[in-house]
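What follows is each chain in one-letter form.
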Amino acid sequence: MDNLNLIGTFAEFKELKNIDKATMVGVLEDVFRHLIAKTYESDENFDIIINPDKGDLEIWRNRIVVEDGQVENPNAEISLSDAKKMDATYEVGEEVAEEIKLSSFGRRSVLSLRQNLAARIMDLEKANLYNIYKEKVGEIITGEVYQVWKKEVLVLDDEGNELVLPKSEQIPTDFFRKGDSIRAIVYKVEMKNNSPLIILSRTAPEFLERLFELEVPEIFDGLITIKKIVRIPGERAKVAVESYDERVDPVGACVGVKGSRIYSIVKELRNENIDVANYTSNPQLLIQRALNPAKVSSIELNEETKTAAVYLKPNEVSLAIGKGGLNIRLASMLTGYDIDVYREFEEEDVDLDEFSDEIDQWIIDQFKSIGCDTAKSVLEYDPDDLAKRTDLEEETIKEVIDILKSEFE
């Protein structure tokens, strides 16, 4: 048995791309010193020379030459007669360096060393993998689907490391097969049972943000900033953007010509609808933009309760709420206000007979003869038209119009 027994272990080290050579040599030396201390009670007078590239290992024991019969510590001292057997020129007080063959430790000790070394390698690899991915949290990675289970998908990165995409972090319409290429962000990294657990996500707002950075150069370059993103994965998302250059339209830049830039993002997110809005510090204007495509008539804010009463025309209410309430939910999430939508109050029409105490009945009858039996139906006509269609004088018509208008003011 000689040093060749460990060449396989050295080769394993060389394949570990996450471990630098200095760390590798340090771990090897530490393991061998542990074996030496266990065998000789001390490793202080031993030199270990390691060449991991070739798989070479040398162990040298240094002992002081003493007079025959004066050896008190055989590990640290050697008698003069024994030293001269090695080299006749040795004298008392000199240091003797002697190579220790690995076979001298015994087969069982060497097997134990190999197991210890393999365990240390694995622990080091796990720690390095954890540290590498801890720094990648929030970054997009591309991997290959290796296994699809009911509750999660196992993904392999370019180095063959195992990553996990839980069902809860998948877009509801996601569908994967083994061998598919997949993009996601590194959502979190944690140690579980002494092994790094790397969790991916396709539903986090950060995933959409990274996709915008990839597709919109102005965002990557810092000309446009994404102020906030809210999502209901697979359904709809709202993105508030702001430009630091007045010449750059942030919404137009994000959408691209004929939607060219946003199309690939929508496709990646399984046709998730994306609304991009100009950010503003004015809460009323931000709420108005967040409720797009609905046209808002007026907004009443309560800063203490962070609520907003939004008034719209009846035909705009359904647009503001959106399918399944998605639009108003996302608008609330984007603005930070609890939004309530109200139909704008429309004044009711009044029958002309209700004005009999102010307008003579024969005048009312004149209006009814041309089909105007309510106040609004009269006000819809121009005074000149009313004069032509009835037998009333212009002065009388103007007096009636003033009376009817005052009812709605």
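Shown above is the structure to which this text applies.
Right, let's walk through the structure included here. As the structure is a computational prediction, the values presented were derived from the model and not from experiment. (Residues numbered from 1 in each chain as written. Predicted model: local features only at pLDDT ≥ 70, side-chain atom pairs only at ≥ 80, totals over all residues. Heavy atoms only, no water.)

In this section: the sheet that holds strand S14 (residues 307-312). A sheet is described by the order of its strands in space; here three strands give the open sequence S13-S14-S15, paired in mixed fashion. Each having just a single partner strand, strand S13 (296-302) and strand S15 (338-343) make up the two edges of the open sheet. Neighbouring strand axes in the sheet, compared pairwise and without regard to direction, differ in orientation by 20° on average. With six bridges joining them, S13 and S14 adopt antiparallel strand pairing. Across the sheet, the residue bridging to Val-296 is Leu-312, located in S14. (Pairing = 2+ DSSP bridges. Helix = DSSP H or I, 4+ residues; strand = E, 2+ residues; numbered from the N terminus. Axes fitted to C-alpha atoms, helices over the stretch in contact; angles between N-to-C directions.)

This part is about unusual backbone geometry. The omega angle of the peptide bond from Asn-292 to Pro-293 is 15°, so this bond is cis rather than trans. For Pro-293, the location among the structural elements is in the loop between helix H9 (283-290) and S13. The phi angle at Glu-41 is positive, at roughly 75°, despite the residue not being glycine. Tracing the backbone through its elements, the reader meets Glu-41 in the loop between helix H2 (21-40) and strand S1 (46-51). Despite not being glycine, Arg-270 has its phi angle at roughly 60°, a positive value.

This paragraph deals with the packing of helix H10 (residues 314-321) against helix H11 (residues 326-335). At a minimum axis distance of 5 Å, the contact between H10 and H11 shows a crossing angle of 65°. Classed by the angle they form, the pair H10 and H11 counts as roughly perpendicular. Residue-level inspection shows Leu-319, Ala-320 and Ile-321 of H10 in contact with H11, the latter providing Leu-326, Asn-327 and Ile-328. Residue classes in the contact of H10 with H11 are distributed as five nonpolar, one polar and no charged. (Parallel < 35°, antiparallel > 145°, perpendicular 65-115°, else oblique. Contact = heavy atoms within 4.5 Å. Nonpolar A, V, L, I, M, F, W, Y, C, P; charged D, E, K, R; others polar.)

To continue, consider the pairing of strand S10 (residues 224-232). Where S10 meets strand S11 (residues 236-243), eight bridges bridge the pair, whose relative direction is antiparallel. In the sheet register, Thr-225 faces S11, and the bridge partner there is Glu-242. Where S10 folds back on S11, the antiparallel hairpin that results is connected by three residues, among which Gly-234 adopts a positive phi of roughly 85°.

Right, let's talk about a negative patch on the surface for a bit. Taken together, the side chains of Asp-349, Asp-351, Glu-354, Asp-357, Glu-358, Asp-373, Glu-380 and Glu-407 present a region of like negative charge at the surface. Residue position: Asp-349 is located in the loop between S15 and helix H12 (361-369). The class for Asp-349 is partly exposed, based on a relative accessible area of 37%. (Patch = residues over 30% accessible without salt bridge, like charges linked within 9 Å, V, L, I, M, F, W, Y side chains within 5 Å. Areas by Shrake-Rupley, 256 points an atom, 1.4 Å probe, with all protein chains shown as cover. Salt bridge = Lys/Arg side-chain N within 4 Å of Asp/Glu carboxyl O. Lys, Arg positive; Asp, Glu negative; His and termini not counted. Charge placed at Lys NZ, Arg CZ, Asp CG, Glu CD. Buried < 20%, exposed > 50% of the residue type's maximum accessible area, 1.4 Å probe, protein only.)

Two strands in a sheet stick together by hydrogen bonds in their backbones, pointing the same way (parallel) or opposite ways (antiparallel). The strand order across the open sheet built from three strands is S10-S11-S12, with neighbouring strands paired in mixed fashion. Whereas interior strands pair on both sides, the edge strands pair on one side only; in this sheet they are S10 and strand S12 (273-278). Put simply, the sheet's adjacent strands are angled 20° from each other on average, direction ignored. Bridge count between S11 and S12: six bridges; the pairing is parallel. Paired with Ala-237 across the bridge in S12 is Ile-274. Contacting S10, S11 and S12, helix H5 (residues 205-215) runs over the sheet at an angle of about 140° to S10.

Let's shift gears to H12. Taken as a whole, H12 has its buried residues at Ile-363, Ile-364, Gln-366 and Phe-367. The buried residues of H12 all sit within an arc of 150° when viewed along its axis, so they share a single face. Turned more than 90 degrees away from the buried face of H12 sit Trp-362 and Ser-369, all of them exposed. Of the surrounding secondary structure, the elements contacted by the buried residues of H12 are helix H13 (375-379), helix H14 (383-389) and helix H15 (394-408). (Arc of directions from axis to C-beta.)

Okay, the nonpolar core next. Inside soluble globular proteins, nonpolar side chains tend to come together where they are buried. Formed by 24 residues in total, the largest nonpolar core has its most connected members in Leu-208, Phe-212, Val-239, Leu-269 and Ile-274. Those elements that place two or more of their residues in this core are H5, S10, S11, helix H7 (250-255), helix H8 (260-268) and S12. It is H5 that provides the largest number of residues to this core, a total of four residues. Dropping the residues within four chain positions of it, Leu-208 is found in contact with Ile-229, Arg-231, Ala-237, Val-239, Ile-265, Leu-269 and Ile-274. Core analysis: the next-biggest nonpolar cluster, separate from the first, contains 21 residues, Ile-287, Ala-294, Leu-334 and Tyr-337 among them. (Core = buried A, V, L, I, M, F, W, Y, C linked by side-chain atoms within 4.5 Å.)

Glancing now at the side chain of Ser-79. Considering the arrangement of structural elements, one finds Ser-79 in strand S3 (residues 77-79). Judged by relative accessible area, Ser-79 falls into the buried class, the value being 10%. Leave out the neighbours within four places in its chain, and Ser-79 touches Val-65, Val-66, Asp-68 and Val-71.

So, on to the environment of Gln-288. Assignment of secondary structure puts Gln-288 in helix H9. With relative accessibility at 38%, the residue Gln-288 sits in the partly exposed group. Considered as a pair, Gln-288 and Ser-298 are ten residues apart in the sequence and their alpha carbons are 8.9 Å apart.

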